[in-house]
Amino acid sequence: LQEVYNFKNINKNTKLFGITGSPLETTSSPSIHNAGFRAHAMNAVYIPIRSDSPDEAIDFANKVGVRGLSVTFPHKESILQELKQISEKTGAIGACNTIIHGDSGWQGHNTDAIGLKKALIAFTGFKSFRRKRVAIIGAGGAAKAAANVVKELKGHCCIFNRTVSRAREIAENYGFKYAFLGLESLDLLESYSDIIIQATSIGMKNKSASHEKEDPLGFYDFRGHECVYDIVYEPKKTPLLQRAEKAGCKIKNGYTMLQYQAYEQFKLFTGEDYE
Ligand code: NAP
């Protein structure tokens, strides 16, 4: 409590921030944000606020006077209906990971996209994906941010998802291809494999024991040329990343995205640069 939350210094003037979603057991966001408050000598604390629905989270935040929240799995899309205003980027992506309480109510922002963009550029070393063929695995909130980033970086892209209609909806928005996530799409995946962005929740610790052991690309044999970025960061190496590394691929987990998006959130919460 003292090390992460600076518990002994919390008083009635302490500004309250947090993260909401479920599960939250493995989130690293409190460590990142509270370290930032400490470094800037701010009287503020950032806590996990587990919620089963976005309205439950907002209701609690209103009652206790929370000023800003990170929004995580599974509320990034459903939170939108609770907000008074959303940023242009949030509207374009269709998912929100940051809400701030302003004069007129809750405002939504998306820092996942800028966080992922910085993480992907640092990981691949490419400032543009103009000559790259990119696969996005998944079509949830994180995949929406990924699609926005790949479009900005000018990559050619195909989105693969279990529920094809969700992949189609995003792909049509950006002029990308889309396909079912499974063996029948093997040829297509092979042809979009320069950079593979894993953006489903599969492999994530604590979702469920079986989920953690799964590999969304079990039907695909890595050939070693692929750059594989797994948006999941807990565990550090998902079964997918372990297999990709063994095949000689360049790999990275989602912790760098988490850090970069948190720094942007910190700026929105406090008006100060994190670093
Ligand atoms: P979401 O909106 O609920 O989307 C979940 C995605 O996973 C969907 O594409 C879903 O497919 C797919 N999926 C779930 N279970 C599946 C299964 N058994 N088989 C095949 N596909 C399955 O979640 P999200 O907000 O996008 O988050 C996704 C993951 O990214 C989470 O683990 C989250 O923690 C992580 N994330 C990390 C960062 C970071 O900073 N590193 C940022 C954002 C998110 P269907 O459409 O078919 O259901």
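Above this text is the structure in question.
Here the structure is a predicted model, which is why all the values come from computation and not from measurement.

Caption draft 1: A look at the nonpolar core. With 33 residues, the main nonpolar core has I136, I159, F176 and I197 as its most contacted residues. For this core, the secondary structure elements donating two or more residues are α5 (112-124), β7 (133-137), α6 (141-152), β8 (156-161), α7 (164-174), β10 (195-198) and β11 (227-230). Here the element with the most residues in this core is α6; it accounts for seven residues. Setting aside residues up to four positions removed in sequence, I136 forms contacts with A143, A146, A147, V150, C157, C158, I159, F160 and I197.

Caption draft 2: Representation of the side chain of K144 within the structure. By secondary structure assignment, the location of K144 is in helix α6. Residue class for K144 comes out buried when judged on its relative accessible area of 14%. Contacts of K144, omitting those with residues within four sequence positions, involve E77, I93, G94, A95, I170 and Y174.

Caption draft 3: Local environment of the packing of α5 against helix α11 (residues 255-270). One way to put it is that α5 packs onto α11 with a least axis distance of 7 Å and a crossing angle of 135 degrees. Here α11 runs oblique to α5, going by the angle between their axes. In this structure, α5 crosses over α11, and the sense of that crossing is right-handed. Between α5 and α11, the contacting residues are D112, I114, G115, L116, K118, A119 and A122 on the first element and T256, M257, Y260, Q261 and E264 on the second. Its residues assigned to classes, the contact of α5 with α11 shows six nonpolar, three polar and three charged.

Scoring rules and cut-offs
- Residues numbered from 1 in each chain as written.
- Predicted model: local features only at pLDDT ≥ 70, side-chain atom pairs only at ≥ 80, totals over all residues.
- Heavy atoms only, no water.
- Core = buried A, V, L, I, M, F, W, Y, C linked by side-chain atoms within 4.5 Å.
- Buried < 20%, exposed > 50% of the residue type's maximum accessible area, 1.4 Å probe, protein only.
- Helix = DSSP H or I, 4+ residues; strand = E, 2+ residues; numbered from the N terminus.
- Contact = heavy atoms within 4.5 Å.
- Axes fitted to C-alpha atoms, helices over the stretch in contact; angles between N-to-C directions.
- Parallel < 35°, antiparallel > 145°, perpendicular 65-115°, else oblique.
- Left-handed = near helix turned anticlockwise from the far one by under 90°.
- Nonpolar A, V, L, I, M, F, W, Y, C, P; charged D, E, K, R; others polar.

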